[in-house]
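If you want the building blocks of each chain, they are given just below.
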Amino acid sequence: MNIDFYNHGGNIDNEARELGVQPKNIIDASASIVPFKIPKKLSDNLIKTIKNGSIRSYPDRSFFEVKSAISKWHNIDPSMILPGNGASELFTWAARDASLYGMSSLPSPGFGDYQRALRCWNAPYIHSPLPLAWNTKKPQPFPIDPKTKVLWITNPHNPTGQLWSRSSLKSLLASYELVICDEAFISLTPGGENQSLIDLTKKHSNLIVIRSLTKFLGIAGLRIGYAVTNSERLLKWREIRDPWPMNTLAINATNLIMKNSILHKKRLNKIHKWVEEEGYWLHKNLSDFSTLKPLPSATNFQLIKSNSSTLNIIEKLKKRGILLRDCRSFINLGEDWFRISLLKRKQNIKIINTLKNYIS
Ligand SMILES: Cc1ncc(COP(=O)(O)O)c(C=O)c1O
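The sections below set out a description of the structure shown in this document. Because the structure is predicted, anything quoted here is derived from the model rather than measured. (Residues numbered from 1 in each chain as written. Predicted model: local features only at pLDDT ≥ 70, side-chain atom pairs only at ≥ 80, totals over all residues. Heavy atoms only, no water.)

**Focus on the overall build of the protein chain**
Link 1 in the chain: Within the protein chain one finds 12 helices and 13 strands.
Link 2 in the chain: Of all 360 residues assigned to the protein chain, the portion counted as buried reaches 56%.
Link 3 in the chain: Here the analysis covers contacts within the protein chain between residues at least 6 apart in sequence; of these, 74% occur between residues at least 24 apart.
Link 4 in the chain: Total accessible area on the protein chain stands at roughly 16100 Å², and carbon and sulfur atoms take up 52% of it. (Helix = DSSP H or I, 4+ residues; strand = E, 2+ residues; numbered from the N terminus. Buried < 20%, exposed > 50% of the residue type's maximum accessible area, 1.4 Å probe, protein only. Contact = heavy atoms within 4.5 Å. Areas by Shrake-Rupley, 256 points an atom, 1.4 Å probe, with all protein chains shown as cover.)

As structure tokens, this is what we get:
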């Protein structure tokens, strides 16, 4: 198997091809996307966008309506918002700014895409090890303060599921030329929003917060994210980025979810309940294996330490159509770690029962 730092879960089409099955028959616990269908109003909106001919024209380059919709949801001035083609596209621009200041710290193990983004600009970075021991899923202090110009934070952290406390992050802002905080999972995390740094962008021009609609809406294929930071920084990004980085379907979908606060809140409440219930259930059932130690997680995935290599088990489950996240591509983790994303109860039971065939 080819392991690189850009390795990502959720390659359902590839895996299905290899196994000779339909993608719909795969149980994918490798990518952390909620297992619920997209809201009907949203799918209707996408169909309408195609049927009414809106995609004949170029999307609005000023993002006027979508910026205003996001700004109302977060109570942030529209000039401080830039929507993009998923959070990943915006990491590329944040990394450009990081390259102007100097060395970046990447808390590790961490999300691999920041490395890709930094490499675009030949920006230097170091891996700053995170201690791999904690005993709570509640907000906890950010444990490191590396001496670099730029700090990348993921809140909650991937792959550990730790939720960092806002107060500990806030106190870091004075120590760095630039802090980039990826909040891709924060809205689907129960209590996560209380730890968000979004409103601090109003006072701290050295802070960039990046959000994604991918995870909680289950729309990885649509590609929607946005950055919140000072408006001058965003004007510079706009001068050099592609002319139409966000398509009309994505723009209309964002408008719908950001303007319809009842639908938006209903979706988040449903997800929070599911994260609480299934998170508890999975953690408890994984703890029953004498050779596994699931670490406490605030969000919709759990990192698990095994007594020995898990490669064989991951491969065996894969042959049975169940994908777990092999953690070898994460710096500072090895083959005795794996990550499971929460699914619906029926699928979670299937994962646990299948694991029982191979471990004690
Ligand atoms: C921490 C983190 N941030 C961002 C992303 C990507 O978000 P998007 O789909 O909006 O590019 C992922 C995807 O796995 C992720 O794990």
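Next comes the rest of the account.
**Thoughts on the sheet that holds strand S7 (residues 207-212)**
Link 1 in the chain: Taken in spatial order, the seven strands of this open sheet run S2-S8-S7-S6-S5-S3-S4, and their pairing is mixed. At either margin of the open sheet sits one strand with a lone partner, and together these are strand S2 (81-84) and strand S4 (125-129). Neighbour-to-neighbour, the strand axes of the sheet open up by a mean angle of 20 degrees, direction not taken into account.
Link 2 in the chain: Direction of pairing for S2 relative to strand S8 (residues 225-228): antiparallel, over a ladder of four bridges. Paired with Pro 83 across the strands is Tyr 226, a residue of S8.
Link 3 in the chain: Together, S2, S7 and S8 form the strand contacts of helix H3 (residues 64-74), whose direction differs from that of S2 by roughly 120 degrees. (Pairing = 2+ DSSP bridges. Axes fitted to C-alpha atoms, helices over the stretch in contact; angles between N-to-C directions.)

**Structural notes on a positive patch on the surface**
Link 1 in the chain: A contiguous patch of positive charge, built from Lys 37, Lys 41, Lys 266, Lys 270 and Lys 344, is present on the exposed surface.
Link 2 in the chain: With respect to the element layout, Lys 270 can be found in helix H10 (residues 261-287).
Link 3 in the chain: We classify Lys 270 as partly exposed; its relative accessible area is 43%. (Patch = residues over 30% accessible without salt bridge, like charges linked within 9 Å, V, L, I, M, F, W, Y side chains within 5 Å. Salt bridge = Lys/Arg side-chain N within 4 Å of Asp/Glu carboxyl O. Lys, Arg positive; Asp, Glu negative; His and termini not counted. Charge placed at Lys NZ, Arg CZ, Asp CG, Glu CD.)

**Observations concerning the packing of aromatic side chains**
Link 1 in the chain: According to the stated counting rule, one finds nine aromatic pairs in the structure shown.
Link 2 in the chain: For the pair Phe 36 and Trp 274, a centre-to-centre distance of 5.4 Å together with 75 degrees between the ring planes defines the contact as edge-to-face. One end of the pair, Phe 36, is in the loop between strand S1 (27-28) and helix H2 (40-51); the other, Trp 274, is in helix H10, and 238 residues separate them in sequence. You'll find Phe 36 and Trp 274 in the same group, each marked buried.
Link 3 in the chain: A centroid spacing of 6.2 Å and a plane angle of 70 degrees characterise the contact between Phe 91 and Phe 111, whose relative ring orientation is edge-to-face. On the criterion of sequence distance, the pair formed by Phe 91 in helix H4 (residues 86-101) and Phe 111 in the loop between strand S3 (104-108) and helix H5 (113-120) is long-range, its members being 20 residues apart. Both residues of the pair, Phe 91 and Phe 111, belong to the buried class.
Link 4 in the chain: What links up through ring pairs into an aromatic cluster is the set Phe 91, Phe 111, Tyr 114 and Trp 152.
Link 5 in the chain: In this structure, Arg 61 is placed above the aromatic ring of Trp 244, and the distance from its NZ or CZ to the ring centre is 5.5 Å.
Link 6 in the chain: Positioned above the aromatic ring of Phe 36, the side-chain terminus of Lys 270 is 4.4 Å from the ring centre. (Phe/Tyr/Trp six-rings, centres within 6.5 Å; stacked < 30°, edge-to-face > 60°. Lys NZ or Arg CZ within 6 Å of the ring centre and 35° of its normal.)

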